[in-house]
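Descriptive structure summary
Residue-level listing of the chains:
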Amino acid sequence: MALRQEMAKSLLKTSSLSGRTKLLHQTGLSLYSTSHGFYEEEVKKKLQQFPGGSIDLQKEDSGIGILTLNNPSKMNAFSGVMMLQLLEKVIELENWTEGKGLIVRGAKNTFSSGSDLNAVKSLGTPEDGMAVCMFMQNTLTRFMRLPIISVALVQGWALGGGAEFTTACDFRLMTPESKIRFVHKEMGIIPSWGGTTRLVEIIGSRQALKVLSGALKLDSKYALHIGMVEEVLQSSDETKSLEEAQEWLKQFIQGPPEVIRALKKSVCSGRELYLEEALQNERDLVGTVWGGPANLEAIAKKGKFIK
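An unreviewed UniProt entry lists the protein chain under the name Ethylmalonyl-CoA decarboxylase, with Rhinopithecus roxellana given as the organism. The UniProt entry for the protein chain carries the following text under Function (unreviewed entry): "Decarboxylates ethylmalonyl-CoA, a potentially toxic metabolite, to form butyryl-CoA, suggesting it might be involved in metabolite proofreading. Acts preferentially on (S)-ethylmalonyl-CoA but also has some activity on the (R)-isomer. Also has methylmalonyl-CoA decarboxylase activity at lower level." The protein chain has a UniProt comment under Sequence similarities (unreviewed entry) that states "Belongs to the enoyl-CoA hydratase/isomerase family."

**Observations concerning the pairing of strand β1 (residues 54-59)**
Both β1 and strand β2 (residues 64-70) contribute to a ladder of six bridges, which runs antiparallel. Bridge pairing links Asp56 to Thr68 in β2. Taking the residues that link successive antiparallel strands as the turn, the β1-β2 hairpin has four residues, and the phi of Gly63 there is positive, at about 90°.

**As for the pattern of salt bridges**
As enumerated under the stated definition, the model contains 14 salt bridges in all. Among the ionic pairs, Glu272 bridges to Arg145, the shortest N-O distance being 2.6 Å. Of this pair, Glu272 sits in helix α12 (residues 257-272) while Arg145 is found in the loop between α6 (126-144) and β4 (149-154), placing the two residues 127 residues apart along the sequence. Exposure remark for Arg145: the relative accessible area of 18% places this residue in the buried category. Here Asp170 ties to Lys264 by a salt bridge, and the two come within 3.0 Å at their closest N and O atoms. In this pair, Asp170 sits in the loop between α7 (161-167) and β6 (171-174) while Lys264 sits in helix α12, placing the two residues 94 residues apart along the sequence. Through salt bridges with shared partners, a single network forms among Arg145, Glu201, Arg271 and Glu272.

**Examining the packing of aromatic side chains**
The tally for this structure, following the rule as stated, stands at seven aromatic pairs. Ring geometry for Phe171 versus Trp248: centroids 5.3 Å apart, planes at 75°, classification edge-to-face. Separated by 77 residues along the polypeptide, Phe171 in strand β6 and Trp248 in helix α11 (residues 238-250) bring together distant segments of the chain. Phe171 sits in the partly exposed class, given a relative accessible area of 22%. Since its relative accessible area comes to 8%, Trp248 is described here as buried. One aromatic cluster is present, formed by Phe78, Phe111, Phe143, Phe165 and Trp193 through successive ring pairs.

**Regarding the sheet that holds β6**
In spatial order, the strands read β1-β2-β3-β4-β6-β9; together these six strands make up an open sheet with mixed pairing. Single-partner strands in this sheet number two, and they are β1 and β9 (231-232). The pairing of β6 with β9 spans two bridges and is classified as parallel. Following the sheet pairing, Met174 is matched in β9 by Val232.

What counts, and at which threshold
Residues numbered from 1 in each chain as written. Predicted model: local features only at pLDDT ≥ 70, side-chain atom pairs only at ≥ 80, totals over all residues. Heavy atoms only, no water. UniProt positions renumbered as here; feature names shortened; annotations may be inferred. Pairing = 2+ DSSP bridges. Helix = DSSP H or I, 4+ residues; strand = E, 2+ residues; numbered from the N terminus. Salt bridge = Lys/Arg side-chain N within 4 Å of Asp/Glu carboxyl O. Buried < 20%, exposed > 50% of the residue type's maximum accessible area, 1.4 Å probe, protein only. Phe/Tyr/Trp six-rings, centres within 6.5 Å; stacked < 30°, edge-to-face > 60°.

Rendered as structure tokens:
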């Protein structure tokens, strides 16, 4: 077994990989660096000046994590410190080898109202705006590439940056009374955390243009109709809806972590890479699970999957 794993690792290293493929293979790499005029430590110092709230992570033995946006006095708006903590939690999740699934939710039955306006007012120059933009795009792209299956549980409102965060998750679930709204146009800006790019992928360019230019209030019924969300849950109760979301997610994470994580990585490569590169990446990922414990156990059952 150990020899097989070493051979797979060797194959990953020796394959002819493009720069884009390497970005997907290597944990912790970001979109922007100093070559793009992005100086992360300087941005972190600025964000540290705006305290309030927290990002909380609970990791369960089932392999499901629960990430909570916790700033209820401001509808879970992101303070500067929360932006920093989100990056810390993403790094923690990158290193959680037993993780298979993640639910993102807001405290006190609402998702998030976006950025804390106190920070927005103080970071008022175009240079500040672009710096925070690059910081959050870095963080949410790393989040999107996590080798675990993520779902946003939208309770209450998801506004502005909160709406953008939902698009970084693999799936979205809404409670009956909840709403999603990209309010950026009303603020005289456009989405800056990568929300436009991801929204186009989720619902297509025509629908995305309607949603963004109209600053539409997406209730659960309309969001389901346009393909923004996978399902509308039965309950609006904070505890019950979380339980529903956990049950919904479990159907996609049954099985050993190494298989679930390889599947997520393969889907990420199919989304982000050219066809030839994606196929090569899929080949390399096959080498990490083929002949492994889960594969051998399934073969021993003689493929009895029709019930």
